[in-house]
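# Structural overview for review
Here are the chains, one letter per residue:
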Amino acid sequence: MTGYRTIVVYLDGGKGDLSRIDAAKAIATGDDARLSGLHVAADFPPGLGFGIQNAHEPLIEVRQRYNAAALDRADGIRRAFETHLQDWASKPEWQFAFGAIDATVAHHARGADITVAGPVGPDARPERAAVDLPAQIALAAGRPVLAIPSDARIDTVGRCVLVCWNGSREAARAVGDALPILDRAERVIALCIEEAGRELSPLAGLEAHLAGHGIAVETDDTTSRSPVDYTILNRAANRSADLIVMGAYGRSRLRQTVLGGTTRDVLRFTTVPVLLAH
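Calculation notes
Residues numbered from 1 in each chain as written. Predicted model: local features only at pLDDT ≥ 70, side-chain atom pairs only at ≥ 80, totals over all residues. Heavy atoms only, no water. Helix = DSSP H or I, 4+ residues; strand = E, 2+ residues; numbered from the N terminus. Salt bridge = Lys/Arg side-chain N within 4 Å of Asp/Glu carboxyl O. Buried < 20%, exposed > 50% of the residue type's maximum accessible area, 1.4 Å probe, protein only. Axes fitted to C-alpha atoms, helices over the stretch in contact; angles between N-to-C directions. Parallel < 35°, antiparallel > 145°, perpendicular 65-115°, else oblique. Left-handed = near helix turned anticlockwise from the far one by under 90°. Contact = heavy atoms within 4.5 Å. pLDDT = per-residue confidence, 0-100. Pairing = 2+ DSSP bridges. Core = buried A, V, L, I, M, F, W, Y, C linked by side-chain atoms within 4.5 Å. Phe/Tyr/Trp six-rings, centres within 6.5 Å; stacked < 30°, edge-to-face > 60°.

On to unusual backbone geometry. Its identity as a non-glycine residue notwithstanding, Ser 240 has a phi of 55°, on the positive side. Residue position: Ser 240 is located in the loop between helix 7 (228-238) and strand 9 (243-247).

Another aspect to go through is the pattern of salt bridges. The full count for this structure, using the stated rule, is 15 salt bridges. A salt bridge links Asp 32 to Arg 5; the nearest nitrogen and oxygen atoms lie 3.2 Å apart. Remark: Arg 5 occurs in the segment before strand 1 (6-10) and Asp 32 occurs in the loop between helix 1 (17-27) and strand 2 (34-41); sequence separation between them is 27 residues. For the salt bridge of Asp 12 with Arg 20, the shortest nitrogen-to-oxygen distance reads 3.7 Å. Of the two residues, Asp 12 and Arg 20, neither departs from the other in class, the shared state being buried. The network of salt bridges with shared partners includes Arg 187, Glu 218, Asp 220, Arg 235 and Arg 239.

The next point concerns the packing of helix 3 (residues 101-109) against helix 4 (residues 133-141). Contact pair helix 3 / helix 4: the axes reach a minimum separation of 8 Å and the direction vectors enclose 55°. Put simply, helix 3 runs oblique to helix 4. As for the relative orientation of helix 3 and helix 4, their crossing is right-handed in sense. When helix 3 is examined against helix 4, the residues Ile 101, Asp 102, Val 105, Ala 106 and Ala 109 are found in contact with a partner set consisting of Leu 133, Gln 136, Ile 137, Ala 140 and Ala 141.

The subject of this paragraph is the confidence of the model for the protein chain. Predicted coordinates in regions of low pLDDT should not be interpreted in detail. For the protein chain, per-residue confidence averages 87 on the pLDDT scale, and 85% of positions sit at 70 or higher. The weakest mean pLDDT in the protein chain belongs to helix 8 (residues 253-259) at 42; the strongest belongs to strand 1 at 98. Here residues 252-260 is modelled with pLDDT under 50, and outside its nearest four sequence neighbours on either side it reaches ten contacts, counting other chains as well.

In a beta sheet, neighbouring strands are held together by backbone hydrogen bonds and run either parallel or antiparallel to one another. Here we have ten strands laid out as an open sheet, ordered 3-2-1-4-5-10-9-6-7-8, and mixed in their pairing. Looking at the sheet topology across the chains shown, the edges are occupied by strand 3 (93-98) and strand 8 (218-222). This sheet shows a mean twist of 25° between the axes of neighbouring strands, independent of strand direction. Both strand 4 (residues 114-120) and strand 5 (residues 145-149) contribute to a ladder of four bridges, which runs parallel. Following the sheet pairing, Ala 117 is matched in strand 5 by Ala 147. Here helix 6 (residues 203-211) sits on the sheet in contact with strand 6 (160-164), strand 7 (187-193) and strand 8, set at roughly 170° to strand 8.

Following the sequence through the fold, Lys 91 ends up in the loop between helix 2 (59-84) and strand 3. Counting along the chain gives 59 residues from Lys 91 to Asp 32, while the straight-line C-alpha distance between them is 8.5 Å.

Looking now at helix 1. Among all positions of helix 1, only Asp 17, Ser 19, Arg 20, Ile 21, Ala 23, Ala 24 and Ile 27 are buried. In the core, the buried residues of helix 1 are packed alongside strand 1, strand 2, helix 2, strand 4, strand 5 and helix 5 (169-184).

Glancing now at the environment of Arg 153. Here Arg 153 is to be found in the loop between strand 5 and strand 6. Through-space distance from the C-alpha of Arg 153 to that of Val 272 is 8.8 Å; in sequence the pair is 119 residues apart.

This brings us to helix 7. When we look at burial in helix 7, the residues that qualify are Asp 229, Thr 231, Ile 232, Leu 233, Arg 235 and Ala 236. The inward-facing, buried residues of helix 7 contact strand 6, strand 7, strand 8, strand 9 and helix 9 (262-269). Just downstream of helix 7 lies Ser 240, where phi reads positive at about 55°.

Next up on the list: the nonpolar core. Ile 7, Ile 27, Val 116, Leu 146, Leu 182 and Leu 275 are the most contacted members of the largest nonpolar core, which has 45 residues in total. Filtering out sequence-adjacent residues up to four positions away, Val 116 remains in contact with Ile 7, Val 8, Val 9, Tyr 10, Arg 20, Ala 23, Ala 24, Ile 27, Leu 146 and Ile 148. Core analysis: the second largest hydrophobic core is formed by 37 residues, Tyr 10, Ile 101, Val 145 and Leu 162 among them.

Right, let's get into the packing of aromatic side chains. Following the criterion strictly, the structure yields three aromatic pairs and no others. Both rings, one in Phe 44 and one in Tyr 66, keep their centres 5.6 Å apart while their planes meet at 50°; by these two values the pair is tilted. Placement of Phe 44 in the loop between strand 2 and helix 2 and of Tyr 66 in helix 2 is noted, with a sequence separation of 22 residues between them. Of the two residues, Phe 44 and Tyr 66, neither departs from the other in class, the shared state being buried. Centre to centre, the rings of Phe 96 and Phe 98 are 5.1 Å apart; their planes meet at 75°, and the pair counts as edge-to-face. For Phe 98, a relative accessible area of 31% puts it in the partly exposed group.

What follows is the structure, encoded as structure tokens:
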């Protein structure tokens, strides 16, 4: 199978940047795969940073200072990105833009096989990007996103993979997008959490599908009274999974926003990368 030959890495200058770059290297198909770093700065006027104390200054001067600071920050992020990839066979590419983070990253993601993004985890900084930014990108771009916790140490990605399966369109899309990783994984575990009133497990179809690609699957068809996100994360920890594969936003986005939802909660508390698709 083709694999991931073009990868966008969203970088915000935070502590998770190097982990995202390492993750991109880990999933790339061949060391000549094209890795593209992307940094996005909010359009002026930004939500934070220039307040009443600047009101007396001419607006054009404030904007010029803001843009200059953003460009300087982006240049530092670019240098760190290129330094971390100095041994990569192909020259890394660099992209910078002003705009809304989710929409801009999604725009670039549509031209790549996969996008590596963050931050996720309980310490994610909401002023930089929402905790569920990777899911927002997957939803808007129609392309897979690999979400990396901001404090993750990336040694491997996809040696042991936990696939969350419920037979939905989103889950099927995630499995299809994850095939390059599943194909070279040492273990693939398919988790299906029982739902009330369901007569047949959908795992048999998934098992047959992956067998057709030469991928052996361990099935885990379980019932749990705990929240779905807790069960997923608990299973991932118990099985020493270094990657979770799941569909993003299986219910309406409004319902997810009001009630929270499995996607957001998994991203908030995961300690391992999560491959998302919608």
